[in-house]
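Structural features, examined
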Amino acid sequence: MNRQYTHEQIEQLIPQRAPIKMIDSVVSVDNLIVQTALSVQDTNWFFSDGHLLEAGLVEHIAQSAAAMMGLKNEGAPKVGYIGDIKNFTVSRLPRLGELIRSRVTVIAQLESVTMVEAESKIDNELVATARMKVFLAE
Amino acid sequence: MHGYFRIISENIQGQQAVFHIELLPSCPVYAGHFPGNPIAPGACNIEMVRQCASIALQREVRIAGIRLCKFMKLLRPGTSEPLTLQLSWQDDTLSAAVMSGTDMAIQLKMNI
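Residues numbered from 1 in each chain as written. Chains lettered and ligands numbered in written order. Predicted model: local features only at pLDDT ≥ 70, side-chain atom pairs only at ≥ 80, totals over all residues. Heavy atoms only, no water.

**Re the overall build of chain B**
From N to C terminus, chain B includes 1 helix and 6 strands. Taken over 112 residues, chain B has a buried fraction of 50%. Restricting to contacts in chain B with at least 6 residues of sequence separation, those with at least 24 account for 58%. Accessible surface for chain B amounts to roughly 5100 Å². Of this, 48% is attributable to carbon and sulfur atoms. Taking the 9 positively charged and 8 negatively charged side chains of chain B as two groups, their mean positions are separated by 5 Å. (Helix = DSSP H or I, 4+ residues; strand = E, 2+ residues; numbered from the N terminus. Buried < 20%, exposed > 50% of the residue type's maximum accessible area, 1.4 Å probe, protein only. Contact = heavy atoms within 4.5 Å. Areas by Shrake-Rupley, 256 points an atom, 1.4 Å probe, with all protein chains shown as cover. Lys, Arg positive; Asp, Glu negative; His and termini not counted. Charge placed at Lys NZ, Arg CZ, Asp CG, Glu CD.)

What follows is the structure, given as structure tokens:
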């Protein structure tokens with residue numbers, strides 16, 4: 001199962017809505033890997049002084065993981081939470097107009113807890129990495 | 001991230017600081033996180049820590065990395081007690097703890 005989702009269709013996968021929806025498109029998604037994109041706009045919740053803040057990258061990665069988890073759940077997407085973050089690195093802040101492409105991979109899964117590893121790139125430049133544990137509310 | 005929190009008091013001494021903080025239920029972010037179910041986004045709390053660290057260190061603090069960040073309690077604006085944020089820093093390491101009443105809500109260790 002490998003699908004693409006447009007801007008509007010993403011609302012079938014994640015419960016986050018404007019102003020804190022942090023994915024523009026899901027380029028591909030299956031049960032183990034999701035690839036997403038976000039274009040940095042000045043209307044973004046985490047936009048400040050010409051850049052997307054570090055926390056914006058965190059939220060973008062978390063919502064990318066949520067999109068993958070949403071694929072498995074029929075109907076309204078479940079609310080998810082970040083449980084913990086490890087080894088998050090930022091090499092530079094994304095700038096206005098840049099396109100962030102992220103790849104999030106499941107490294108472990110146990111019932112409602114999913115552990116993921118993520119890489120975010122702008123063109124071929126790695127700008128952020130992270131390991132994250134995400135919970136789904138029952 | 002305008003209107004997300006309000007600093008009630010701050011006390012900065014040496015390489016430590018304590019902030020008392022109120023999360024503001026009127027913040028527009030809750031329209032989307034989540035509709036009809038306002039829960040403070042973890043990422044917003046990370047940005048809140050960064051902004052308070054910038055006040056304490058009297059410079060714009062950038063997050064080079066997060067070694068570990070644990071979220072231990074869901075925070076709902078308006079219902080949670082005021083938060084206590086404790087910061088300490090040395091060289092390029094900043095540690096933060098956010099308490100909600102007597103409950104530990106967030107523990108964070110970052111490279112700045």
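**Let's talk about the packing of aromatic side chains**
Under the counting rule described, the total for this entry stands at 2 aromatic pairs over all chains. Members of the aromatic cluster, joined through ring pairs, are B:Tyr4, B:Phe5 and B:Tyr30. (Phe/Tyr/Trp six-rings, centres within 6.5 Å; stacked < 30°, edge-to-face > 60°.)

**Re the interface of chain B and chain A**
Contacts between chain B and chain A engage 29 residues on the former and 26 residues on the latter. Overall, the association of chain B and chain A removes approximately 2200 Å² of surface from exposure, summing both partners, and the carbon and sulfur fraction of that is 66%. When the area that chain B buries against chain A is broken down by residue, the three leading residues are B:Phe34, B:Ala43 and B:Ile66, summing to 23%. At the junction of chain B and chain A, the tally comes to 2 salt bridges. Our count for the contact surface shared by chain B and chain A stands at 9 residue pairs in polar contact (both at pLDDT 80 or more). Mapped onto the side of chain B that touches chain A, the elements with two or more residues apiece are helix H1 (42-57) and strand E3 (65-71) of chain B. Residues of the side of chain B that touches chain A, tallied by class, amount to 19 nonpolar, 5 polar and 5 charged. Pairing geometry for strand E6 (residues 80-90) of chain A and E3(B), over 5 bridges, is antiparallel. Bridged to A:Ile85 within E3(B) is B:Cys69. (Buried area = accessible area lost by both parts, 1.4 Å probe. Salt bridge = Lys/Arg side-chain N within 4 Å of Asp/Glu carboxyl O. Polar contact = N/O pair within 3.5 Å; in protein donor to acceptor, adjacent residues only side chain to side chain. Nonpolar A, V, L, I, M, F, W, Y, C, P; charged D, E, K, R; others polar. Pairing = 2+ DSSP bridges.)

**Topic: the side chain of A:Thr36**
Residue and element names in this part refer to chain A. Looking at the secondary structure, you find Thr-36 in strand E3 (residues 33-39). By relative accessible area, which is 1% here, Thr-36 ends up buried. Here the side chain of Thr-36 touches Ser-64 through a polar contact of 2.8 Å, side chain to side chain. Residue contacts for Thr-36: discarding those within four places in its chain leaves Ile-23, Ser-25, Val-26, Val-27, His-60, Ser-64, Ile-100, Arg-101 and Ser-102.

**Some points on unusual backbone geometry**
Following A:Ala18, the chain continues to A:Pro19 via a peptide bond in cis, the omega torsion being 5 degrees. Relative to the helices and strands, A:Pro19 resides in the loop between strand E1 (3-5) and strand E2 (25-29). The omega angle of the peptide bond from B:His33 to B:Phe34 is -5 degrees, so this bond is cis rather than trans. In this structure, B:Phe34 sits in the loop between strand E2 (16-23) and H1. Residues other than glycine seldom take positive phi values, yet A:Asp49 does so here, at roughly 55 degrees.

**Concerning the pairing of strand E5 (residues 93-100) of chain B**
Residues and elements named next belong to chain B. Of all 8 residues making up E5, 7 are buried, and the element is well covered by its neighbours. Pairing of strand E4 (residues 83-90) with E5, which is carried by 8 bridges, proceeds in the antiparallel orientation. When the bridges of E5 are listed, Leu-83 appears paired with Ser-100. Remark: 2 residues form the turn of the hairpin made by E4 and E5, two consecutive strands paired antiparallel; Asp-91 in that turn has positive phi of roughly 50 degrees. Turn length for the E5-strand E6 (residues 103-111) hairpin, with the two strands adjacent in sequence and antiparallel, is 2 residues, and the turn residue Gly-101 shows positive phi of about 60 degrees.

**Quick notes on the layout of surface pockets**
Roughly 320 Å³ of internal volume is contained in the largest pocket. Along its surface, the largest pocket is lined by 25 residues, and A:Gly80, A:Tyr81, A:Ile82, B:Gly42 and B:Leu74 are the ones closest to its centre. Listed by contribution, the elements that provide at least two residues to the lining of the largest pocket are helix H1 (54-70), E6 and strand E9 (125-136) of chain A together with H1 and E6 of chain B. Looking at side-chain class alone, the lining of the largest pocket contains 16 nonpolar, 7 polar and 2 charged residues. (1 Å grid on protein atoms, 1.4 Å probe; cavity = no way out; pocket = protein on both sides within 12 Å on 5 of 7 lines; lining within 4 Å. Points joined across faces, edges and corners; volume = space filled by probe spheres on them.)

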